[in-house]
Amino acid sequence: MSVVIKVENLSKSYTISHKSNERYVALRDVIANKAKGLFNRGIVQPFKRLSNSTIPQLPNSTVTHPSSNSTATQFPSSTEEFWALKDIHFEVKRGDRVGIIGRNGAGKSTLLKVLSRITEPTKGRIEITGRVASLLEVGTGFHPELTGRENIFLNGAILGMTRAEIKKKFDEIVDFAEIEKFLDTPVKRYSSGMYVRLAFAVAAHLEPEILIVDEVLAVGDAQFQKKCLGKMEEVGKEGRTVLFVSHNMSAIRSLCSTALMLNCGSIVEIGRTNFVIDKYLNTIESTHLENTWNNIATSPGNEYIRLKSVRIIPEIKSQNDNITVATPIAIRFEFWNLVPNSFINLSLVLWTASGECVFNVGSKSLKLKKGIYCSTCSIPGNFLNDGTYSVEIYFVKDSSLVLFKKSQVAFFQVHDIERYGWYGKWIGAVRPALPFSLEECNEHHI
C-alpha cells in the first residue's frame, strides 16, 4: 500500500518565559497603581472641582508603559527552550489505523496539531497525500454564531467538497450526530456532548482520506464513544487512514492495527498494537500519589478552573506500607474557582492501567463563589481489585458543559493479599467483599 503520511526529523520547540515574582500583574493593577501615585503626589485631587487656572500641569516625565525602565516595577525574567517533539520519524500507509499513546505531556496532541497544519514545526519535513479531517478539540472548526446546519456546509467547504457532495452526506451526518431538533440553533448554545457528536459526524462522513482524532471523544457518553469507534473502524476498512490518540487502551487495542508510543517528545516504540501497549503498561509509573501546583499562573486549567493539588491518601500505618485491596483510600483535590456564582459539578473517573473505566462518580450542582475549594472522594477497603489505577477529574458547568478535565493526575498501585487459597488473577475491575450466607438445607427444601 502507498504511504500517505511521511514524517522525517520532525521537531517542535516552544519558548517558555519565567518570572522570579509569581504574582500576575493585570492591566487593572497597573491603572490602579498609577492612579494612586497621582493622588499621593497631589497631581489629582478627588471630589474637588478645579477651574482651568488651578489644574496643575503634569511633569515632563509622564506616565510610562509598564514595560519601560522608568516608574514601572520590573521583574527579572528568563526564558527556556522546551522541545515538545524531538526528531520524530515514521510512515503511515493508506488504510492504517494508528493509535498514539503516552503519558500526559508526551507530545501526542502536539504531533496531531503539526500533522493537521494547525501548528508549524520548528524543523523537519512532513509529506501528506490526501484530504485531512481533524477532531482535536471540542468545536474545532465550528463558527459559534452559525447554526449546526450552516457549520456542516462550512466544514465541507473547508475540506474542498462541493455543495452537492455535502448535501448527499447531510442526512447521514444529522442522523449520526442525533441533533436534528437543534439543527438550526447556533452551535454556541450546544452542550459539549452535542458539539462533539456533530464535530465527529462531520469529520467522519465528509470522506476525508485521513481522519485525525484526539482524546476529545472522552467528552461523549459511553454509547456515543462505541458508535464513534465503530465508525472509525468502518472508515479504516474503506481504505482511509485513521490516527487516534487515547488513554483508553481497550479502545486502542480494538481499533488500531499499529501503535506509536511517545515519551518526552520522542518515539520510544512503534509496531504491533498489543506489543506497544504491553510495553507502555510495563513502563508506566505505578505510584504517583500527589501533584501540587502552588502558582495559579502555571497550574493546569483555564480561565474558569485551575487545579491546585491532587492527593491519594491511603489509610495505612506508615509510608512504607503497601496499599492493598483492603486499604480505604481518599482522593482529595483542591482547585481555584475563577468564576463567581457559577454552578459546578465535580466528577471523578477512576481508570485501570489498560484504560478500562472502573467508575465515574459526580457531585450535585454546587453554586460556588470565587475562591479555593477542596473536595474528597472516599473509596472503601475491599472494593478495588489489585492493579494500577489512574485518576481523571472533570469540572462541569450546569451539568452539561465541560469547563476543564485533566487525565492521569495521579496514580496508585493496589497490592494483593491472601485470597483463601486462590493464587490466580481475579477477573474484574472491582473485588468487593460482599456477604455470603451458607446453611444446610433440609431434604424437603430441595
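About the criteria used
Residues numbered from 1 in each chain as written. Predicted model: local features only at pLDDT ≥ 70, side-chain atom pairs only at ≥ 80, totals over all residues. Heavy atoms only, no water. Pairing = 2+ DSSP bridges. Helix = DSSP H or I, 4+ residues; strand = E, 2+ residues; numbered from the N terminus. Axes fitted to C-alpha atoms, helices over the stretch in contact; angles between N-to-C directions. Phe/Tyr/Trp six-rings, centres within 6.5 Å; stacked < 30°, edge-to-face > 60°. Buried < 20%, exposed > 50% of the residue type's maximum accessible area, 1.4 Å probe, protein only. Lys NZ or Arg CZ within 6 Å of the ring centre and 35° of its normal.

## What about the sheet that holds strand β8 (residues 258-263)?
- Strands sit in the order β5-β6-β7-β3-β8-β9 across an open sheet of 6 strands; the sheet is mixed. The open sheet has two edge strands, β5 (132-135) and β9 (266-272), and neither has a second partner. If you compare each strand with its neighbour and ignore which way they point, the axes differ by 15° on average.
- Relative to strand β6 (residues 210-213), β5 runs parallel, the two being bridged by 4 bridges. When the bridges of β6 are listed, leucine 135 appears paired with valine 213.

## Remarks on the sheet that holds strand β11 (residues 305-314)
- Taken in spatial order, the 4 strands line up as β10-β11-β12-β16 in an open sheet, and their pairing is antiparallel. Of all strands in the sheet, those with a lone pairing partner are β10 (290-292) and β16 (371-379), marking the two edges. For this sheet the average axis-to-axis angle between neighbouring strands, irrespective of direction, equals 20°.

## Some points on the packing of aromatic side chains
- In total, this model carries 11 aromatic pairs according to the counting rule given.
- Between phenylalanine 395 and phenylalanine 404, the aromatic rings sit 6.4 Å apart at their centres with planes inclined by 25°, giving stacked as the arrangement. Here phenylalanine 395 and phenylalanine 404 have matching classes, each one buried.
- Every member of this aromatic cluster is reached through a ring pair, and the members are Phe333, Phe335, Tyr373, Phe395 and Phe404.
- Sitting over the face of the ring of tyrosine 14, lysine 12 holds its NZ or CZ atom 5.0 Å from the ring centroid.
- Taking NZ or CZ as reference, arginine 163 lies 4.4 Å from the ring centre of phenylalanine 153, over its face.

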